[in-house]
Amino acid sequence: TLDPHSFPTRRSSDLHDLRTRVQAGSDGITSALDPAARWSVFIAIAVSRFEKYITACVEPLGAAGRRPELPPLDVALVWHSYALNPRRVLDFVAA
């Protein structure tokens, strides 16, 4: 069973650095957005990636015969948030 608490511990500075990099981004599809909006777009994409990751984890083994590896940082962030406060995440996803 996958458990978000079993992930390797990420330093809070890793998450802070991630947010800083996303908000400072000046290229790509979010270049015209303000920093808060860039972070919102990033989180929305991370939620979508989280859903795909969870789906892949519960489906029968694929052709490769193995389950997905540990999630990338953005997916782990969403999973950790869900574990801390599932009601808020469900409200966000439903919005």
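Quick note: structure is the one above.
Source: prediction; values computed, not measured.

Observations concerning the pattern of salt bridges
- This structure, assessed with the given rule, holds 1 salt bridge.
- For D74, the salt bridge goes to R49, with nearest N and O atoms at 2.6 Å. One end of the pair, D74, is in helix α3 (residues 73–84); the other, R49, is in helix α2 (residues 35–58), with 25 residues separating them in the sequence.
- A relative accessible area of 10% means that D74 is categorised as buried.
- Residue class for R49 comes out partly exposed when judged on its relative accessible area of 36%.

Re the environment of S40
- Inspection of the secondary structure assignment puts S40 in helix α2.
- Sequence-wise, S40 and Q23 are 17 residues apart; in three dimensions their C-alpha atoms are separated by 9.5 Å.

Points about the side chain of R38
- Looking at the secondary structure, you find R38 in helix α2.
- Salt bridges are absent for the buried R38, whose nearest opposite-charge side chain, D34, sits at 7.3 Å.
- Of the polar contacts made by the side chain of R38, one reaches the backbone oxygen of Q23; its length is 2.5 Å.
- In contact with R38, not counting residues within four places along its chain, are V22, Q23, A24, G25, T30, S31 and L33.

About the thresholds
Residues numbered from 1 in each chain as written. Predicted model: local features only at pLDDT ≥ 70, side-chain atom pairs only at ≥ 80, totals over all residues. Heavy atoms only, no water. Salt bridge = Lys/Arg side-chain N within 4 Å of Asp/Glu carboxyl O. Helix = DSSP H or I, 4+ residues; strand = E, 2+ residues; numbered from the N terminus. Buried < 20%, exposed > 50% of the residue type's maximum accessible area, 1.4 Å probe, protein only. Lys, Arg positive; Asp, Glu negative; His and termini not counted. Polar contact = N/O pair within 3.5 Å; in protein donor to acceptor, adjacent residues only side chain to side chain. Contact = heavy atoms within 4.5 Å.

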